[in-house]
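# A look at the structure
What follows is the residue order along each chain.
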Amino acid sequence: MIRRRTLIAAAGATALAAPAFAQNFPRKAVQMIVAFPAGGNTDIGARILASIAEKDLGQPITVVNKGGAGGQIGFTEGARARPDGYTVTFINLPSVSTIVLDPERKAAFKMDSFVPVVNQVLDPGVVWVKADSPYKTFGDLLDAAKKAPGKISACTTGILSDDHLAILMVDDAAKVDFRIVHFEGSAQQLTGVMGGHVDCAFDNVGGIVKRVKSGELRALVVTDDQRSKFLPDVPTTKELGFPSVISSSTRGIAVPKGTPADAIKVLETAFLKAINDPEHIRKMDEQGLALRPMVGAEYAKYYADSHAAATKYTEWALKQR
Amino acid sequence: MDSLGYLMSGLGAALSFNNLLFAFAGCVLGTLIGVLPGLGPAAGTAILIPLTFNLDATGAIIMLCAIYYGAMYGGTITSVLINVPGEAASVVTCIDGYQMAKQGRAGSALAIAAIGSFVGGIVATILLVAVAAPLASLALKFGPAEFFALMVAGLCLVVGLAGRNILAALLMTALGLLLSLIGMDPVRGAPRFTFGIEELYDGIGFVPVVMGLFGVGELLLAAEARQSHLIQADLKKWYPSRDEWRRSSGAIGRGTVIGFVLGLIPGVGAIVPTFMAYVLEKRISKNPERFGKGAIEGVASAETANNAYANGSMVPLLALGVPSSPTIAVLMGAFIVNGLTPGPFLFQEKPELVWTVIASFFVGNVLLLILNLPLVGLWARLLKIPFAYLCTGVLIFCIIGAYGLKQSLFDVWVMLGFGVLGYVLRKLDFPIAPAILALILGPMMEKSLRTTLEISGGSFAIFLDRPLALALLAVPLIVLAAIALRPRAFANLRQTDIE
Amino acid sequence: MSRNARRGWLVATATMMAICLFAIWQSLLLSLTDRLGPGPGFFSFWLSLLGMLFAGLLIFDVWRKPVVESDETLFPRGESAFRVLIIIGAVAGAALLMGWLGFELAMLVFIAGLTFALGERRWYAIGLFAIAGSFGVYYVFTRWLDVLLPPGPWAA
């Protein structure tokens, strides 16, 4: 907490250091493009952030939903926007990466079309089963998968989603072969697993925290290197001996390449402040979404690293087509 | 406290002044959202969520639910008056509802729609109270295999929509299915038949297509006829005649059952039950040729099924925490933000809250009826505006509607293109409804088949293991057999009367 | 059926057949099978084949129908045709203008033009309706309803 406050102070000081531009930007409403439909997980997080950040920005932030094609439509729009700082895009990793890497998608943007500004959420992946499932631990699941290669089914929220890549990571690290079933969204995963049609689900923590707490589902493992504060009793893949299986859905703000550094600085300051705002923290906690604010070089490095990790498994997935 | 006790106390809470106000506001806003273009129920509901941040949880949820089923009704108004479905599910109402309006019976159509929706909603909510939990877990048994079978069975409804020319209907169905395949394919997740046009990556957009085929197409026909007004007939009384009542009552009953049952299955969507109810009504009618020309049973069955579905789809939401459609997903998001986590433990954790919300479904349906019935006469009178204004107005409406969904000018062009197409097809008397049904069912069919095969590892034998799926798959076979064996129907097929 | 209607049906059905043919070609470019069964091109291939079958049967059926001589034309002429075409043209024009000039200006031109073309002659009525329908509607939708419409060139 204290470290965050120092960060804000530093950011604030930097902002003050560029007074001339800061006074001129923004002079009108800023548009935030969310590449997923209204009401979904991504959208809710974006709207909460926007409603709090506009106070510091001094101008309204209009959230525009441009859902479709797994985010491609919204990302394309964001990459093509005028780089004047008035259009920011809420980007999802690894979605941006997988779209760029899939040649059939003919993406109109590349990784460097975006300049990452501030990261908001890092929602780690989680493997869950229904409450009365025979698999009590991740080990049980892997044992079953080893004994019956290609027979134990695992479902995702979409083709080439972070869940899909996570399954491939597990296949690689544990030398198993899951039968992969693709649904569209977490809701379908629920009916699929609860109805007994699929053995387990690869999803993200945010969507299932409440259900784990209420006992509907059992979370077996979190694919991260540290335990989730929302699921403190669930072991991580690192603990269980699979440190290479790290997968999450990360969401943050980016601007098109070529946006002036001064504008980026102003946006960075305002959004960072909003992310650390107690109201924002409270609302995101309620959603079960873990905050991992990152700016500047740290975010840029994460952006690049995430793409590198995604590349290996995306290519593997594409080969399996 | 048992369910009934909770319900009674919930009713008391729902009838409190505040909650009543919220329910009313929700109904008004919902109807407006349904009527206005550019605001689908999902987007409209999402926009209004921040409004509810400042309300208490109960009030917020009551209002959002009221918005949801209010929007279902609002979509009916435009379907009947200008042949433009306000939201996708209202498309079936256009078929007979607009014809009734052309005959001056818009009032009857809207009134019967209001009443049918009311009955459907109330009955569905009663069933919700009675059997939510056990039915919900039963519905979970409905996996991708059963879903696929249901879609195939649904496609056979096409035969019921065929009218006089079965060959043309079959051709349109095939084309509708082909059209529905545009977009990301479920096999590789890559774009298919999009020819590089990004806006097509998600498919061709049901709303612009339907707005064009129905709304714009109708305007072009009316323009050609040089009508001075869109509706030439005199306005009849705004309430249904005794004869119309009699004919509608059965339709309402059947529509309720179909709507509710299908509402239990997550992911079906509102259009399937409305089509099914409509086709069933046509099938069992003694004069099926009246359908498509202003048969009030057509409107009654479709609207009842629509609202019964809307209320019925609350079952998977409340009992399992599974949203049946994108709009309900928005609703669920709103629930969660307001501290209500839908799911099997919802009833245990916060019974007072849940039962108040359920009680407000009853209240909301009543309010909708009270709100909309008196306005029916007013809406009907709108049709008397001179054509130059009405036509331009409707077009503005359609342009905003097509554009507003995804802020895409491409969709406006799609709407125009299908408008011209609809005009041509109507002139030739090609049946359009089968193509619409195919457009909806196509993607769901393909995806569920794909998912089924992913689950079974590529084996079709999975169908043999699942009795429900087999039963549903038997339906099309029975239908086909019936057509082949009934001499009258067969003669119809051979001597297609296209006059 | 009348001669013109028959011609219309034949043309329409032949066009649909051509579309199916195109779809068959496109489907063959995608693979028909996949390791799990039907591939991305599978359904479109068989559907287009079915479509061609239905279209063929339909053409055959229409062909051998007795022709009833009548003056009834399928498509309008004269003023009726003008009205139909003007609506199509107006919407197309509006869509184009909206992309360049934004909603308000495009609608202004669209409304004024179309109401005039459809018979209204009172200039004040046209003007009022046009302004309400363009600027008025824009304001209501973007300010109150949060529906984004294409802004004009003056909004950066």
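Residues numbered from 1 in each chain as written. Chains lettered and ligands numbered in written order. Predicted model: local features only at pLDDT ≥ 70, side-chain atom pairs only at ≥ 80, totals over all residues.

Assigned secondary structure in chain A consists of twelve helices and ten strands. Here the C-alpha atoms of chain A give a radius of gyration of 20 Å, agreeing with the 20 Å that 2.2 N^0.38 yields for 321 residues. C-alpha atoms of chain A, sized along the principal axes, occupy 65 × 40 × 30 Å. Counting over 321 residues, chain A shows a buried share of 60%. For chain A, contacts bridging at least 24 residues in sequence account for 77% of all contacts bridging at least 6. (Helix = DSSP H or I, 4+ residues; strand = E, 2+ residues; numbered from the N terminus. Rg over C-alpha atoms; globule rule 2.2 N^0.38 Å. Buried ≥ 20, exposed ≤ 12 C-beta atoms within 10 Å, placed from the backbone. Contact = placed C-beta atoms within 7 Å.)

Attention now goes to the overall build of chain C. Looking only at helices and strands, chain C has four helices and two strands in total. Secondary structure elements of chain C occur, N-terminal to C-terminal, as α-β-β-α-α-α. The C-alpha radius of gyration computed for chain C amounts to 24 Å, which surpasses the reference 15 Å derived for 156 residues by more than 25%, pointing to a less compact arrangement than a globule. Principal axes of the C-alpha set define a box for chain C whose edges measure 55 × 55 × 20 Å. Counted over contacts in chain C with a minimum sequence separation of 6, partners at least 24 positions apart contribute 55%.

All names here are of chain A. In terms of domains, chain A is made up of domain 1 (2-123 + 249-319) and domain 2 (124-223). Centre-to-centre separation of domain 1 and domain 2, based on C-alpha positions: 28 Å. Between domain 1 and domain 2, the contact holds 17 residues from the first and 14 residues from the second. Those elements that provide at least two residues to the side of domain 1 that touches domain 2 are strand S4 (114-130) and helix H12 (296-319). (Domains from an automatic or database assignment.)

Next up on the list: the domain arrangement of chain C. You can read the domains of chain C as domain 1 (3-63) and domain 2 (78-144). Spacing between the C-alpha centres of domain 1 of chain C and domain 2 of chain C amounts to 39 Å.

Our next topic: the interface of chain B and chain A. If you look at the interface, chain B gives 37 residues, while chain A gives 39 residues. Contributions of two or more residues to the side of chain B that touches chain A are made by helix H3 (41-53), helix H15 (326-337) and helix H20 (433-456) of chain B. A per-element tally of the side of chain B that touches chain A places H15 of chain B first, with five residues. Of the residues belonging to the side of chain B that touches chain A, the class tally is 20 nonpolar, eleven polar and six charged. (Nonpolar A, V, L, I, M, F, W, Y, C, P; charged D, E, K, R; others polar.)

This paragraph deals with helix H7 (residues 144-155) of chain B. Residue and element names in this part refer to chain B. When the terminal C-alpha atoms of H7 are compared, their 16 Å separation across twelve residues agrees well with the 16 Å that a helix rising 1.5 Å per residue should span. Of all twelve residues in H7, eleven are buried; the element is thus mostly enclosed. Taken as a whole, H7 has its buried residues at Pro 144, Ala 145, Glu 146, Phe 147, Phe 148, Ala 149, Leu 150, Met 151, Ala 153, Gly 154 and Leu 155. (Expected span 1.5 Å × (residues − 1).)

Right, let's get into the pairing of strand S6 (residues 179-182) of chain A. Residues and elements named next belong to chain A. Of the two faces of S6, the one holding Arg 179 and Val 181 and the one holding Ile 180 and His 182 are both buried throughout. In this structure, strand S5 (residues 153-156) lies alongside S6, joined through four bridges in parallel fashion. By the bridge assignment for S6, Ala 154 is matched with Ile 180. Of the crossover connections in this fold, the one passing from S5 over helix H7 (residues 162-174) to the parallel S6 is right-handed. (Pairing = 2+ DSSP bridges. Right-handed = clockwise from strand over helix to strand, strands pointing away.)

This part is about the interface of chain C and chain B. Taken together, the 57 residues of chain C in the interface contact 49 residues of chain B. Within the residue set of the side of chain C that touches chain B, elements represented by two or more residues are helix H1 (3-29), helix H2 (42-63), helix H3 (78-117) and helix H4 (123-144) of chain C. Tallying contributions element by element places H3 of chain C first for the side of chain C that touches chain B, with 16 residues. Taken together, the residues of the side of chain C that touches chain B break down into 38 nonpolar, twelve polar and seven charged.

Take the pairing of strand S9 (residues 248-256) of chain A next. All names here are of chain A. With nine of nine residues buried, S9 lies mostly within the body of the structure. Where strand S3 (residues 87-93) lies against S9, five bridges are found, and the strand directions are antiparallel. Bridged to Ile 91 within S9 is Gly 252. When S4 meets S9, the two strands line up antiparallel, connected through nine bridges. Counted as the bridge partner of Pro 124 is Ser 248 from S9.

Attention now goes to the environment of Asp 61 of chain C. Residues and elements named next belong to chain C. Counting through the fold element by element, Asp 61 comes out in helix H2. On the neighbour-count criterion, Asp 61 (19 C-beta atoms within 10 Å) is partly exposed. Taking the C-alpha atoms as reference, Asp 61 lies 16 Å from Thr 15; in sequence the two are 46 residues apart.

The next subject is the nonpolar core. Within the largest apolar cluster, 336 residues are counted, with the highest numbers of intra-cluster contacts made by Phe 271 of chain A together with Leu 171 of chain B. Those residues in contact with Leu 171 of chain B that lie beyond four places of it in its chain are Met 16, Gly 51, Phe 54, Ala 55 and Leu 58 of chain C. (Core = buried A, V, L, I, M, F, W, Y, C linked by C-beta atoms within 7 Å.)

Moving on, we get to the confidence of the model for chain A. The share of residues in chain A with pLDDT of 70 or more is 92%, and the mean pLDDT across the chain is 87. The low-confidence segment residues 1-15 of chain A (pLDDT under 50) makes 13 contacts with residues lying over four places distant or belonging to another chain. (pLDDT = per-residue confidence, 0-100.)

Before going further, it helps to spend a moment on the packing of H3 of chain C against H4 of chain C. Residues and elements named next belong to chain C. Where H3 meets H4, the axes come as close as 8 Å, and the angle between the chain directions of the two elements is 150 degrees. Overall, the two elements H3 and H4 adopt an arrangement that is roughly antiparallel. For the crossing formed where H3 meets H4, the hand is right-handed. Two secondary-structure elements touch here, H3 through Phe 103, Glu 104, Met 107, Leu 108, Ile 111, Ala 112, Thr 115 and Phe 116 and H4 through Ile 126, Phe 129, Ala 130, Gly 133, Ser 134, Phe 135, Val 137 and Tyr 138. Residue composition of the contact of H3 with H4, grouped by class: twelve nonpolar, three polar and one charged. (Axes fitted to C-alpha atoms, helices over the stretch in contact; angles between N-to-C directions. Parallel < 35°, antiparallel > 145°, perpendicular 65-115°, else oblique. Left-handed = near helix turned anticlockwise from the far one by under 90°.)

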